[in-house]
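# Observations on the three-dimensional arrangement
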Amino acid sequence: MERKIKLTINDYKTNVWVDWCPGCGNYGILSAMYQAFADLQLEPEKTVVVSGIGCSGKTPHFINVTGVHTLHGRALPYAEGIKLANPDLTVVVNVGDGDLLGIGAAHFVALGRRNVDLVVIMHDNTVYGLTKGQASPTLARNLQPKALPKPNIQDAVNPIGLAIAAGYTFIARGYAARVQHLKELIKKAILHKGAAFIDVLQPCVTYDNIHTYDYYNKRVYDLQEEGWDPMVKSLRSFRRRPPRHWLSPTRVMVGYQLVYSWLIQTYLRSRRDTPRGCRIT
Amino acid sequence: MNELRYIIGGPQGGGLETTSEILSWAFAWSGYGIISDREYFSNIKGRHSYVHATVSATELPKHLTYPVDIVAAMDAETVFTHFNDLRDGGYLIYNSDDDSVNYASIPSMERELRDRLSEQFKGLGLDGTVKSVVKYLQGNRKVRVVALSFKELLMEIQKREGIVPSQASRYISTILVGAVAAITDISQESIDYSLRRRFTREDVYRHNRAMANIVIDLVKGQFGSELKLDPPKIGVRSILVASGNDAIAMAKVVAGVRFQAYYPITPAADESFTLEEYETLGGEGSIIIFQTEDELAAINAAIGAALTGVRSSVATSGPGFDLMVEGLGWAGHNEVPVVVTYYQRGGPSTGQPTRGGQSDLLSSVFASHGEYPRIVLASGDHEEAFYDAIDAFNYAETYQVPVIHLVDKFLANTIATIPMPNLDNVRITRGVLAPRGLKEYKRFDLSSPISPRAFLGDYVMWYTGDEHDEYGHINEDPINRVRMMNKRMSKLDIIDREIPEERRYSYFGPDRPDILLVGWGFVKGVAVKAVEELTEEGIGAGYYHIRMFIPFPRNSLTKFANEVGANNLIAVEHNYMAQASKLVAMNTGIMINKSIVKYTGRPMYVHELVNAVKNVLRGSTREVVSYGA
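These numbers were taken from a predicted model, which means no experiment stands behind them. Each chain carries its own residue numbering, running from 1 in the written order of its sequence. Chain letters start at A and ligand numbers start at 1, both assigned in the order the entries are written. Owing to the predicted nature of the model, reporting of local features is limited to residues with pLDDT of at least 70; listing and counting of side-chain atom pairs is limited to 80 or more, with chain, interface and lining totals taken over all residues.

### Points about the overall build of chain B
Within chain B, the regular secondary structure consists of 21 helices and 22 strands. Based on C-alpha atoms, the radius of gyration is set beside the globule rule, defined as 2.2 Å times the residue count to the power 0.38. Relative to a compact globule of 629 residues, whose C-alpha radius of gyration would be 25 Å, chain B shows 26 Å and is just as compact. Dimensions of chain B, computed from the C-alpha atoms along their principal axes, are close to 85 × 60 × 45 Å. Evaluated residue by residue, chain B yields a buried proportion of 54% over its 629 residues. Per the convention used, a helix needs a DSSP run of H or I reaching at least four residues, while a strand needs a run of E reaching at least two, with both numbered from the N terminus. Three exposure classes are used, based on other C-beta atoms lying within 10 Å of a residue's own C-beta, which is placed from the backbone: buried for 20 or more, exposed for 12 or fewer, and partly exposed in between.

Here you go:
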């Protein structure tokens, strides 16, 4: 359909009341998506937002493009089915950390292996929000957000490391309170031809009293501002950069795939699970 | 003779599947009908497997039975496992190099069989060697023994064709092909046709042909062709030889399937492999075969694809289906047409991965949390499976419901001759589609139970697993809930109204039967034959074949039951509970109190079904049959 009038941010909003908690990090993600969609002038009919279950799962209902709100953990298979069957559609997936790295982890790895042209935006808040604050797979050991009866006894998974190992060709991290920056990441991810993963640090104001806005504001920095070149131009350049203590030589094969890809990485140093050396990726 | 039955056995991985294909093609090429069942362990190499076939000069057979006319054995284990299956005066083809092998020394044989043999050999006074069994068969059972030294034959072929010794054992399966061909006198051309079709490499084809010829000459010279079949008089011009897996794969191509997702599982995976051979990407007629990381991904990717408007399906078996149930609920709730081809095997849990069963009927009909409409079809033979697979897509799209197409391992792995499908009568119906250019589109428009469907890309629309409003947005309003539930569930009434009763069942037997067997799925072939035999013996038996469980053939079954009398109904099924009889009770209120069931994982055979029916007539209410290795 030929569209003459330029779409504005408001054209991408639905009249469904956004029922996230006041102050939720998801508002920043939603805002960044509206802006990115408007910047790219995505056709609403040709754009599909797929989601799983949880607070993030409601995202499609707030965006005036086609929305497919699926099952817990299964957003990626739906998105792959949609994209493979109709490659003309732009498919953006919104999932939670429990959705993607807990119940749906097998699909997360499999999408990396396949490198299907999808964007995966993970709402990373270390808790299961909609079931009232249980520990999610991104919560580090010994931490005890306020809903937990006891400190967490399991280690956190590193989403960025897992994405690299799985073979994603665009890997990024954003922060829900830096909307402009996140918007640019989302745009790059949509334009990237291949499986793109954006880990978004997203404070849960109701259940996570540790990873607050204040917590992130003090720690977050932008790799690109520090002069990081996101492009992996050759196997050699990839090999040179990862410090040995983090990427073992057995992971070089993963890097081989990255030779052909963008590796735009806004590594925002955070908290918890990522040793400082991670910034190389 | 009009009908020939044989068993060919050997170690798994020893070329048995090839033997089965070659003989099936050869008989079919000569104009005979054949059904060839393959029984095997969950194992790649070494355990005992066998092919059990019926060849007919007068019909395209759908039944298997015992005893058999020929047992052809690649190894000693086959002789021990199947010598009891041989009729008096039948033929045993075996490797005479195995004469001194004792049953007790065969490590792949399961202890239970060994114990039963030990008991039998003690009773017969046999020492437990192959030789002793052969002598017993010759002396007491008038069996004609074709003793071939495989070693000598292999040396002969090595010499003639210049094959390296390490490769020679590949030709063992062809020894058996040659021996069966000789005894039954199938033409040289038909064997030649089959070998050429099977072996595309010229030298391999040549070696196999040479091997077959050596054996044919040798056996014919010694034994003649006593089991020569009468000239075929089936009268079907054009015949398809296919396994159940392949028949359904072909039907899916005909139905225009564009997306098939699967995770490897026996006995469903071969269907997807066959489809993948024809996979084309891009352009008209493209088919994507998507091997996923698990069945959860398979069903949900298939649903995703279906949302874009392509015909989409999965093929799976019990353990995989269990994982798909949540996704199926999403499809039911969101009114997505998706087809599940469900190959039943023995359950529960891993159960009997390579054996057949019909124990997933209730699961297919009920598996779900919450309530949503679905259609359940069950095919009784290859031909039904072909047409049912096509109808499954038509029904799915017409009523916007998930469709479960139930088949089983028996069908999947059985090669059969079927009349060439008539595609002139095949129709593709895609159901109500939304027109283009609407100002506003509501995917779940409440003005009719079946809302016009648009595909992703046509309009902005929403889907959600939550209860939703007409737009597909989450909605928890109680009145809306009632409307949406009514919309979805009332499709069952529409389905019941629109799919004709005759489509849901078939009946075989005399006009006014005295007793009525009620069955479904692979029971069909054996039941139809059993009914014929019983009628010949003066017992007025009919067979009522259920082909759809949702919608259920309520009226016709009630009518039959009233005529025959509920007390004269016998459920015949491959499960413990006689599951279909429970659905009969649920749908009609008729209680079927007599059952003949089999749950060994092997198919039911005509001889045991006929016997079981007679036992029921003598007063038994439950017969559990268990013949077959």
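Following the structure, the description resumes.
### Some details on the domain arrangement of chain B
Size of an interface: often given as the accessible area lost when the parts come together. Domain boundaries assigned for chain B yield domain 1 (3-223), domain 2 (241-425), domain 3 (432-499) and domain 4 (504-624). Computed over C-alpha atoms only, the centres of domain 1 of chain B and domain 3 of chain B are separated by 59 Å. Domain delimitation follows an automatic or database domain assignment.

### Some words on the environment of R38 of chain B
Residue and element names in this part refer to chain B. Within the secondary structure, R38 is located in strand β2 (residues 33-39). Along the backbone, R38 and G283 are 245 residues apart, and their C-alpha atoms lie at a distance of 38 Å. The contact rule is simple: place each C-beta atom from the backbone, and if two of them lie within 7 Å, those residues are in contact. In this view, R38 contacts E17, S20, S49, V51 and N413; residues no more than four positions away in its chain are not counted.

### As for the interface of chain A and chain B
Every contact between the two is made by 30 residues of chain A and, on the other side, 34 residues of chain B. Taken together, the elements giving at least two residues each to the side of chain A that touches chain B come down to β2 (66-69), α2 (75-85) and α4 (105-114) of chain A. If you tally residues by element for the side of chain A that touches chain B, the top one is α2 of chain A, at eight residues. We treat two strands as partners when DSSP finds at least two bridges between them. Both β2 of chain A and strand β15 (residues 462-464) of chain B contribute to a ladder of three bridges, which runs parallel. Across the sheet, residue V68 of chain A finds its bridge partner in β15 of chain B, namely Y463 of chain B.

### Quick notes on the sheet that holds strand β5 (residues 86-95) of chain B
Residues and elements named next belong to chain B. The sheet built from eight strands is open, its strands ordered β6-β5-β4-β1-β3-β2-β14-β7 with mixed pairing. At either margin of the open sheet sits one strand with a lone partner, and together these are β6 (144-148) and β7 (239-243). Each neighbouring strand pair of the sheet contributes to a mean axis angle of 20°, computed without reference to strand direction. For strand β4 (residues 68-73) and β5, the ladder comprises four bridges, and the chain directions are parallel. The residue bridging I70 from the neighbouring strand is Y91, located in β5. In this fold helix α7 (residues 172-184) packs onto β1 (3-11), β4, β5 and β6, with an angle of close to 155° to the strand it touches most, β4. Inter-axis angles, ranging from 0 to 180 degrees, are taken between N-to-C directions of lines fitted to C-alpha atoms, where helices are fitted over the stretch in contact.

### A look at the packing of α2 of chain A against helix α12 (residues 295-307) of chain B
At a minimum axis distance of 7 Å, the contact between α2 of chain A and α12 of chain B shows a crossing angle of 45°. Between α2 of chain A and α12 of chain B, the crossing angle belongs to the class labelled oblique. The way α2 of chain A lies across α12 of chain B gives a crossing that is right-handed. Only L296, A297, N300, A301, A302, I303, G304, A305 and L307 of chain B of α12 of chain B make contact with α2 of chain A, whose side of the interface consists of P77, Y78, A79, E80, G81, I82, L84 and A85 of chain A. Each residue belonging to the contact of α2 of chain A with α12 of chain B can be placed in one class, and the counts come to 13 nonpolar, three polar and one charged. Reported orientations rely on four angle classes, namely roughly parallel under 35 degrees, roughly antiparallel over 145, roughly perpendicular from 65 to 115, and oblique for the rest. Left-handed describes a crossing in which the near helix is turned anticlockwise from the far one by less than a right angle; the clockwise case is right-handed. Only Asp, Glu, Lys and Arg are considered charged in this grouping, and only Ala, Val, Leu, Ile, Met, Phe, Trp, Tyr, Cys and Pro are considered nonpolar; every other residue, Gly among them, is considered polar.

### Focus: α2 of chain A
Burial analysis of α2 of chain A places 11 of its 11 residues in the buried class, which makes it a mostly covered element. Looking only at α2 of chain A, the buried set comprises A75, L76, P77, Y78, A79, E80, G81, I82, K83, L84 and A85 of chain A.

### A few points about the sheet that holds strand β19 (residues 548-550) of chain B
Residue and element names in this part refer to chain B. Strand order across the open sheet formed by seven strands is β9-β8-β10-β11-β13-β12-β19, with mixed pairing between neighbours. Two strands lie at the open edges of the sheet, namely β9 (288-291) and β19, each paired on one side alone. Averaged over all adjacent pairs, the angle separating strand axes in this sheet is 20°, with direction ignored. As paired elements, strand β12 (residues 375-378) and β19 share two bridges and run antiparallel to each other. Bridging across to β19, V376 finds its partner in I550. In the packing of helix α15 (residues 382-399) onto the sheet, the strands contacted are β8 (257-262), β10 (311-317), β11 (339-344), β12 and β13 (403-408), and the crossing angle to β13 comes to about 165°.

### So, the confidence of the model for chain A
When pLDDT drops low, the exact placement of atoms in the prediction is not to be read closely. Summary of the metric used: pLDDT quantifies the predictor's per-residue confidence within the range 0 to 100. Scored by pLDDT, chain A has a mean of 83; 79% of the residues are at 70 or more. Note that residues 242-281 of chain A has pLDDT below 50 and, in this model, 89 contacts with residues that lie over four places away or in other chains.

### Quick look at the nonpolar core
Joining buried Ala, Val, Leu, Ile, Met, Phe, Trp, Tyr and Cys residues through C-beta atoms within 7 Å gives a set, and that set is a nonpolar core. Ranked by size, the top nonpolar core spans 254 residues in total, and within it V93 of chain A together with A179 and L609 of chain B carry the most contacts. Apart from residues no more than four positions distant in its own chain, V93 of chain A is found in contact with V50, S51, A75, L76, A79, L118, V119, V120 and I121 of chain A. Residues V127, Y128, A135 and Y207 of chain A belong to the second largest nonpolar core, which totals seven residues.

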